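Here is what each chain is made of, one letter per residue.
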Amino acid sequence: MAEYKLLLEHTDVPEYRTLHGYLARGGYAALNRAKGMERQAIIDEIKTSGLRGRGGAGFPTWIKWNGIEKEKTRPHYLICNADEGEPGTFKDKQLMESTPFLVIEGMTIAALATQADAGYIYIRGEFVDAAKSLRAAIDEAYAHGYLGQNILGTGLNFDLYLHMGAGSYECGEESALMSSLMGERGMPRLKFPHAPLPTVAGVWDQPTIINNVETYAAAVPILAKGGEWYVTLGANTKNSRGTKIFSVSAHVNKPGNYEIEFGTPLMELLDLAGGMKGGALKACVPGGSSVPMLNAEDCQNAILAYEELWETGSMVGSGGCMFLNEHTCIVSYTWRTAQFYAMESCGKCTPCREGTKWMLQILERILRGNGQPGDMDLLMEITKQIDGRSFCGLGDAAAWPVAGAIKKFPEEFEYFIKNGRSMVDTPEARAMAPRWAQRAFSAV
Ligand SMILES: Cc1cc2nc3c(=O)[nH]c(=O)nc-3n(C[C@H](O)[C@H](O)[C@H](O)COP(=O)(O)O)c2cc1C
């Protein structure tokens, strides 16, 4: 298997960012097909395709679309989650920068299927270039009847707004995102079954769909070529269909976004990214920094698909795939990851607010050479107290990488605690470690 460029096909073509360039390469064929279909038929096409949300959870897209379509209350809202805060993931950024019309067309198809009145693209504040590209595309789409009143004679009135976030990881969590969009603090809200689903009462208490950038973009080829065709991609997997973009980074020769068919072996993704740089493969974090890491042995058999990767001990997540070489000190890597989640915890619930800081303190004392004999057990215990007990998924996201690293590389933690220094005794490992921990890396 090689790269399968469905969404990334035209990313190198600058004109693709303009309506003219987009139309010249088959753009809006999908909406033109969809406009001749019944609303339910569009949703059925998405159902047939097997499309699952690309934001991390892999939830079937058609269920959300079907749910909101049935709601009689108006208006209906669509949200595109373009917050992309998970470390290691940068696919949505590229899609928005280089293929803005793909995102807009996908959202318009969703609007047609669900009779949405308005859409919001909630975009990470740092994504200045992506916002610029989207803004220009939205203006052009309005000017040529692809947004606004009676789009392409369909009778659909759909307005699309770009909303810049302020760069908070928590604001990618859907209920916190909606709070932020409404001008409130970006904190999560109670979820179903304790509160209505967003499709019943989402933003401004109106029926709302929230999908990831890549999910909306994938609706375009599905409607253009049909769900029956899309489902043939990834057919050798248990329940992962179509293509998925993986952002490959860390110690590889050619970091970047690679779109592959589900079912592709992880090691082929590494080949696509030019192989390992600076040393042999030691570990891989395949789905963004929150997912558990795999060791080199796991990587040999890992398959990029939802269920298959889960069985190997990790997750597809948001597709931020980091390959780490033999010079990586896993303890120092884990500290850095834990630092991110501790800083980004919104503070609403105790397990996450306190637990993330506590894990960070323990990891820091290990890195400073002051680890205590019970620290590994204590860390594992804290991860168990956070995982599944926090108010939203940020707690889980903070617990999994710590638990995963200890499970896969216990000897490195043991060595560090016992000897007060890293087992990875190379200048490269030292260079990767924080300045205040240099003493623990003896290769000076
Ligand atoms: C802490 C946290 C951060 C998240 N960040 C993002 C994000 O940046 N982008 C995204 O699409 N989904 C993110 N999600 C998942 C969203 O809550 C939601 O599941 C997703 O937007 C649904 O879209 P999808 O079904 O198309 O994947 C995050 C979840 C959590 C718990």
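Residues numbered from 1 in each chain as written. Predicted model: local features only at pLDDT ≥ 70, side-chain atom pairs only at ≥ 80, totals over all residues. Heavy atoms only, no water.

1. Observations regarding the sheet that holds strand β6 (residues 256-261)
Across the sheet, which stays open at both edges, the five strands sit in the order β6-β5-β11-β8-β9 with mixed pairing between neighbours. A strand with exactly one partner marks an edge of an open sheet, and here the two such strands are β6 and β9 (294-295). In this structure, strand β5 (residues 243-250) lies alongside strand β11 (residues 320-325), joined through four bridges in parallel fashion. Paired with S247 across the strands is G320, a residue of β11. Contacting β5 and β6, helix α5 (residues 91-98) runs over the sheet at an angle of about 115° to β5. (Pairing = 2+ DSSP bridges. Helix = DSSP H or I, 4+ residues; strand = E, 2+ residues; numbered from the N terminus. Contact = heavy atoms within 4.5 Å. Axes fitted to C-alpha atoms, helices over the stretch in contact; angles between N-to-C directions.)

2. Some details on the nonpolar core
Within the largest apolar cluster, 60 residues are counted, with the highest numbers of intra-cluster contacts made by W65, I121 and I123. Considering each element in turn, this core owes the most residues, 10 residues, to helix α6 (residues 100-114). Within the second largest apolar cluster, 49 residues are counted, among which are Y333, V402, A440 and F441. (Core = buried A, V, L, I, M, F, W, Y, C linked by side-chain atoms within 4.5 Å. Buried < 20%, exposed > 50% of the residue type's maximum accessible area, 1.4 Å probe, protein only.)

3. Thoughts on helix α7 (residues 128-143)
Here α7 is 16 residues long and its end C-alpha atoms lie 23 Å apart, about the 22 Å a rise of 1.5 Å per residue gives. Summarising the contacts, the buried residues of α7 are in contact with α5, α6, β2 (118-123) and β3 (159-164). Following α7 by one or two positions, G145 adopts a phi angle in the positive range, close to 80°. (Expected span 1.5 Å × (residues − 1).)

4. Things to note about the site of the ligand
The environment of the ligand is formed by 19 residues, the closest being G55, K64, N81, N212 and T215. Within the contact set of the ligand, an oxygen atom lies 3.4 Å away from a backbone nitrogen or oxygen of R54. G55 places a main-chain nitrogen or oxygen 2.8 Å from an oxygen atom of the ligand. Alone, the ligand offers 610 Å² of accessible surface; in the complex the protein occludes 88% of this. If you map the ligand onto the pockets, it falls in the largest pocket. Going through the elements one at a time, β4 (208-212) and α17 (393-408) are the ones with two or more residues in the shell around the ligand. Residue contributions to the shell around the ligand peak at three residues, all from β4. Each residue belonging to the shell around the ligand can be placed in one class, and the counts come to three nonpolar, nine polar and seven charged. (Near = heavy atom within 4 Å. Polar contact = N/O pair within 3.5 Å; in protein donor to acceptor, adjacent residues only side chain to side chain. Areas by Shrake-Rupley, 256 points an atom, 1.4 Å probe, with all protein chains shown as cover. 1 Å grid on protein atoms, 1.4 Å probe; cavity = no way out; pocket = protein on both sides within 12 Å on 5 of 7 lines; lining within 4 Å. Sits in = over half its atoms within 2 Å of the grid points. Nonpolar A, V, L, I, M, F, W, Y, C, P; charged D, E, K, R; others polar.)

5. Side note on the packing of helix α4 (residues 61-69) against α6
Packing of α4 against α6 brings their axes to within 8 Å, and their N-to-C directions diverge by 45°. It follows from the interaxial angle that α4 and α6 lie oblique. Along its contact with α4, which presents W65, I68 and E69, the element α6 presents I109, A110, A113 and T114. Among the residues forming the contact of α4 with α6, the class breakdown is five nonpolar, one polar and one charged. (Parallel < 35°, antiparallel > 145°, perpendicular 65-115°, else oblique.)

6. Concerning a nonpolar patch on the surface
A cluster of nonpolar side chains, contributed by F192, L197 and V200, occupies part of the molecular surface with about 270 Å² of accessible area. Looking at where F192 falls in the secondary structure, it is placed in the loop between α8 (174-181) and β4. Given a relative accessible area of 55%, F192 falls into the exposed group. (Patch = residues over 30% accessible without salt bridge, like charges linked within 9 Å, V, L, I, M, F, W, Y side chains within 5 Å. Salt bridge = Lys/Arg side-chain N within 4 Å of Asp/Glu carboxyl O.)

7. What to know about the pattern of salt bridges
What the rule picks out here adds up to 19 salt bridges. Across the salt bridge formed by R365 and D375, the nearest N and O atoms sit 2.6 Å from each other. With R365 in helix α15 (residues 350-367) and D375 in helix α16 (residues 375-386), this pair connects stretches of sequence that are 10 residues apart. Taken together, the salt bridges that share partners define one network made up of K91, D92, E214 and K244.

8. Looking at the side chain of Q206
Turning to its location among the elements, Q206 is positioned in the loop between α8 and β4. On the basis of relative accessibility, which here comes to 15%, the residue Q206 falls in the buried class. A polar contact is formed between the side chain of Q206 and the backbone oxygen of R74, at a distance of 2.9 Å. A polar contact is formed between the side chain of Q206 and the backbone oxygen of P75, at a distance of 3.1 Å.

9. Considering the layout of surface pockets
Counted as a void, the largest pocket has a volume near 1400 Å³. Secondary-structure elements contributing two or more residues to the lining of the largest pocket are α4, α5, β4, α13 (306-312) and α17. When its residues are assigned to classes, the lining of the largest pocket shows 17 nonpolar, 19 polar and 14 charged. (Points joined across faces, edges and corners; volume = space filled by probe spheres on them.)

10. Some remarks on the environment of N150
Secondary-structure assignment places N150 in the loop between α7 and β3. Between the C-alpha atom of N150 and that of C80, which follows or precedes it by 70 residues, the distance is 21 Å. When neighbours within four sequence positions are excluded, N150 is seen to be in contact with G155, L156 and N157.

11. Thoughts on the packing of aromatic side chains
Here the structure, examined in full by the defined rule, presents 15 aromatic pairs. Each ring, one from W335 and one from W436, has its centre 5.0 Å from the other, and the planes form 85°; the classification is edge-to-face. Highlighted residues: W335 in helix α14 (residues 330-344) and W436 in the segment after α19 (427-432), separated in sequence by 101 residues. Among the aromatic residues, those joined into a ring-pair cluster are Y16, Y22, Y28, F101 and Y146. Here the basic side chain of K47 rests over the ring of W62, its NZ or CZ set 4.3 Å away from the ring centre. If you follow K244 out to its NZ or CZ, it ends over the ring of F246, 5.7 Å from the centre. (Phe/Tyr/Trp six-rings, centres within 6.5 Å; stacked < 30°, edge-to-face > 60°. Lys NZ or Arg CZ within 6 Å of the ring centre and 35° of its normal.)

12. Considerations on the side chain of K64
Residue position: K64 is located in helix α4. Here K64 is buried and forms no salt bridge, its nearest opposite-charge partner E174 lying at an N-O distance of 4.3 Å. Contact partners of K64, with chain neighbours within four places excluded, come to F59, E174, T199, I209, I210 and N211. (Lys, Arg positive; Asp, Glu negative; His and termini not counted.)

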